[in-house]
Amino acid sequence: MVGRFGTSCSSDPALFYGCVFSDPPPPEEIDCVMENRKSCQRIVARIAAAALCSCVFFPHVCRAAPTIGRIVPAGATQGSEVEVLVFGTNLHEPQALFFEDGIVQQTKIESVNDKQLKVVLNVPKDAPFGNHRFRIRTKKGLSQLRTFRVGPFPQVTEAETDPSQKKPSNNTVEEAQAIQVPQTGGLTIAGVVEKEDVDCYQVGLKKGDRLSVAVDGVRLNYTPFDPYIDIVDDDGFVLTANDDHPLMEQDAIMAFTAPEDGNFFVRVRESAYGGSSACSYLLHVGQFPTPSVALPPGANPGSEVLVKWLGDPAGEFESKVKIPNSFPRASSEISQLLSVHPRRNGVIAAEAVPLRVTNLPVSKETDSNDSPNGNPSVPAPAAIWGLLEKENDTDWIRIEAPKGSKWSVKGWGRRVGSPIDLTLNAYRDNEKHARITGNDDSSGPDSLMNVTTPEEGSFLIRVSDHQKRGGEMFVWWLEVEPITPRVTFSVPPSRTKSQDDLFPQVPRGGRTTVVLNASRRNFSGDVKLLAEGLPEGVSVTSPPFQNGTPGSFIVFEATKDAPIQAGMVACKAVDAADQNKNLGRLEQATEMIHGNPNRTPWRYSRSTEMPVAVVEKVPVSLELIQPAVPLVKNGKADLLVRVHKDEGFKGKVRLFFPFKPPGIGAASGVDVPADKTEVVYPINASEKAPIQDWDVVVSATVTFQGEDAKGRPTIRISSKPIKLTVAEPFVQVALDKGMAEQGQDTTFTGTVTVPTAFTGEAKAVLLGLPAKTTSEPLVITSESKEVEFSVTVAADAPAGRHANIVCEVHVPQEGHQIVHRMAATEFRIDKPLPAKALAAPKPEPPKPKQQKKKISRREQLRIQARAVSQSSPVKESKGAAQ
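These lines cover the structure that appears in this document, whether it is placed above or below. (Residues numbered from 1 in each chain as written. Predicted model: local features only at pLDDT ≥ 70, side-chain atom pairs only at ≥ 80, totals over all residues. Heavy atoms only, no water.)

Looking only at helices and strands, the chain features three helices and 69 strands. Within the chain, the proportion of its 882 residues that are buried is 53%. Sequence-distant contacts, at least 24 apart, represent 70% of the contacts inside the chain between residues at least 6 apart. About 40200 Å² of surface is accessible on the chain, with carbon and sulfur atoms providing 49% of the total. (Helix = DSSP H or I, 4+ residues; strand = E, 2+ residues; numbered from the N terminus. Buried < 20%, exposed > 50% of the residue type's maximum accessible area, 1.4 Å probe, protein only. Contact = heavy atoms within 4.5 Å. Areas by Shrake-Rupley, 256 points an atom, 1.4 Å probe, with all protein chains shown as cover.)

Listed below in structure tokens is the structure:
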């Protein structure tokens, strides 16, 4: 497949490296990056397409919430009014298409059935190009997030999918749908690629005419759709083609000049000949420019900059761009990337080129910076940009900063449309140039590193491409900023990798809870959340996000007469000790598309605000009773929960603990019997639980049954927060190991210490004893020093080692019991030894006869010699060896 740069798209893995993210997630959101993900996708595309589409579109089916499968068409033209069909499930009593930014407006909504809506939308003339986030709002709640794309060109519908026509096929060149391309600008075609579908469009051109083609597929945020486009002549020969592009992620863009007069055919398909009804696309065809990189790639807000646009086959061109002081969309506000559609000779580009916007002073690299020596210093903080002009090119930047100061160095390449795989390394600014640190892809395919300025008062940054490539398109952008206190809120994603429970749906007269993570950088104090822009009749209770905890929760409460509506709420993070000190905000990344492997998130949509919906009253409410005594470390407690049910309610209520403070454990859930209004929720504290007060709530999922279940999704409700006090234990018991034989009684002894004096008598019991063994409770007072449990062991008690024998002590306080659980010990039960029978003594074995020692001939001669010397005759020994 030939790409725009004359190289095979599939042969260059760097073009695909991390390209599936709309805005690459920060390092903590990325588990891994796969360079050749697309090749894996092609192998399994046909097998997994149907399953993936169903997983992506209907994550809420089990909860009967409203869902959106797709919207047809998937976009509209700026300044137009368009009728769209919304396909989904559980679309009972629709109220509106709720656009989060409030720019695209609904003028009419009509329910076809509970799976289809007909909606008329008005797109203002000044609506920003790109995706606009929306949901379906019903009386029962909001659907999951989808996007609607606004483009610059007039729009038509593929004849094969146009419901007003007889659905003629356009799957071959002979059956191609004829389109008339405007002399200036372009035309957008809204279509769908079904399984093994190839959509063909016929365009008549004169020799030398230019034809630009771009397609929006995966960026519509419906399904992992990898579109492929090409242009063929009457004879079916491919003249040019494109699959992926650094600017377009897995979408494609190309430009073509007609070699002669005639008809040419633009074809669209899924790259592996897959497809489904979910594979919608917007195909842009015309004579528009196709740049992909801006030079410079960034500027300051409020400035006007002359930009050179690179990447168009017709050559580079220039235009002035006025940088706004604020961004039109939240996603741009988070990434600080301004989407610019450049114009060439008055013709606007179909696809936007990103420009980085920063308040840092901006400077350009020097011309001769290929070595670490002799480069001028750039004082930090700063933004610097440059270009790797040729293969094996490297750029060196000297940063001047105070000794010991800490700096965040962020690299931008792929995120500004460049094909570069950016690699950063920091070095000492001395003769040896010792390496300090480096990074390749902490920010998706781009780089991020932290540097502490060494004693020289400066350091060097080396910029290169991971594959040592270069060229006129290999633009890079650096930002050197001080590491300052920063807190970012986000709702943790669902374990099912869906959009469940990312935002609150508050019942009238009731409450619900949302758990938030607080990601901290260079800040260790308590954080307070301030909510702004709440819907009418809605209030929030937000306990502090305490230091040492990963997050906390917010309780949303609506009055009984709160209007049924939805709104966008901003969540600001401030210092709990000084609420005038702003630390950050909510930055929510919503997973839009999942793909291989293991439903990995391919695309995110980001927002700085949280949707909050007020829904109809729920006939169940919760009351969590404030405990009268503390929960001690290594202790447990039963929280009393009152469940108030309206008369006639039919359904299931299951309690759960949405937020557990550090060291606090709780049951995964407690089902409330239909005939009960009070239940207990067991919790416990570990040995490492912090000693302090915590705000906690209990929540419940309410599932309706019978007639009430029609059109009513499962909904979460919550109690008001209460204070849970974690304290030091009042008493501690260290049990010794126990041992006994079957049928013999024994005792367990232990040492008692009382860190906190208490009044009255505490009851101590042994738990976890094996079967056929029993023990009676004991009494402990503040003066007790030891305990001795008598244990009865039956003759048929199971033999062996029995672990997890626990002493539990109930300390009385104000009429309540504080339950302590001690460290576990062990109980060993042995089988009795068998009785030994008396036996006659065994006879002693006969003693062996003592043999005479044989004397060697040498020894005989010695004896004879001694005898001669003593003058006495010696007889020769018998048995001597000869």
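Right, picking up where we left off after that structure.
A few words on the nonpolar core. In terms of nonpolar packing, the biggest core is built from 34 residues, with I71, V84, V86, L97, L121 and F148 touching the most fellow members. Residues contacting L97, with those up to four places away along its chain left out, are I71, V86, Q106, I109, V119, L121, F134, R135 and I136. Counting 33 residues, the second largest nonpolar core, distinct from the first, contains L622, V641, V643 and V672. (Core = buried A, V, L, I, M, F, W, Y, C linked by side-chain atoms within 4.5 Å.)

A word on the sheet that holds strand β32 (residues 406-412). Pairing in this open sheet of five strands is mixed, and the strands run β28-β30-β37-β32-β35 from one edge to the other. At either margin of the open sheet sits one strand with a lone partner, and together these are β28 (362-364) and β35 (448-452). Sheet twist, expressed as the mean angle between neighbouring strand axes with direction ignored, is 25 degrees. With three bridges joining them, β28 and strand β30 (residues 382-387) adopt parallel strand pairing. Bridging from a neighbouring strand, V362 pairs with A383 of β30. (Pairing = 2+ DSSP bridges. Axes fitted to C-alpha atoms, helices over the stretch in contact; angles between N-to-C directions.)

Right, let's get into the sheet that holds strand β27 (residues 353-357). Overall, mixed pairing links the three strands, which are arranged β21-β27-β24 in an open sheet. Whereas interior strands pair on both sides, the edge strands pair on one side only; in this sheet they are β21 (298-299) and β24 (337-340). Both β21 and β27 contribute to a ladder of two bridges, which runs parallel. In the strand pairing of β27, A299 is matched with V357.

Burial within strand β6 (residues 116-122) is extensive, with five of its seven residues counted as buried. The sheet contact formed by strand β3 (residues 81-89) and β6 spans seven bridges and is antiparallel. Along β6, the bridge assignment pairs V86 with L117. Relative to β6, strand β5 (residues 105-113) is paired through seven bridges, and the arrangement is antiparallel.

With that out of the way, let us pick up a negative patch on the surface. A contiguous patch of negative charge, built from D234, D235, E260 and D261, is present on the exposed surface. Within the secondary structure, D234 is located in the loop between β15 (227-232) and β16 (238-242). (Patch = residues over 30% accessible without salt bridge, like charges linked within 9 Å, V, L, I, M, F, W, Y side chains within 5 Å. Salt bridge = Lys/Arg side-chain N within 4 Å of Asp/Glu carboxyl O. Lys, Arg positive; Asp, Glu negative; His and termini not counted. Charge placed at Lys NZ, Arg CZ, Asp CG, Glu CD.)

This brings us to the pattern of salt bridges. What the rule picks out here adds up to 36 salt bridges. The salt bridge partner of R133 is E100, with a shortest N-O separation of 2.6 Å. Taken together, the residues span a long stretch of sequence, with R133 in strand β7 (residues 130-138) and E100 in the loop between β4 (94-99) and β5 at a distance of 33 residues. Assigned by exposure class, R133 and E100 land together as buried.

So, on to the pairing of strand β33 (residues 422-428). Most of β33 sits out of view: six of its seven residues are buried. Where β33 lies against strand β36 (residues 458-465), seven bridges are found, and the strand directions are antiparallel. Paired with L424 across the bridge in β36 is V463. Bridging between β33 and strand β34 (residues 435-439) involves four bridges; their strand directions are antiparallel. What sits directly across from N425, in β34, is G438. Hairpin connection from β33 to β34: six residues lie between these consecutive antiparallel strands, with H433 at a positive phi of about 55 degrees.

Attention now goes to the side chain of S292. Relative to the elements of secondary structure, S292 occurs in the loop between β19 (280-286) and β20 (293-295). Under the relative-accessibility criterion, S292 is labelled buried at 1%. In contact with S292, other than residues within four places in its own chain, are H245, L247, L310, G311, V353, V416, G417 and M473.

All right, on to the packing of aromatic side chains then. If you walk through the whole model with that rule in mind, you get ten aromatic pairs. The interplanar angle of 50 degrees and the centroid separation of 5.8 Å between the aromatic rings of F553 and F659 together place this pair among those described as tilted. A residue pair is termed long-range when its members are at least 10 positions apart, and F553 in strand β43 (residues 551-558) and F659 in the loop between β52 (651-656) and β53 (664-666) qualify at 106 residues. Judged by its relative accessible area of 0%, F553 is buried. (Phe/Tyr/Trp six-rings, centres within 6.5 Å; stacked < 30°, edge-to-face > 60°.)

In short, shape yes, function no, at least from these values alone.
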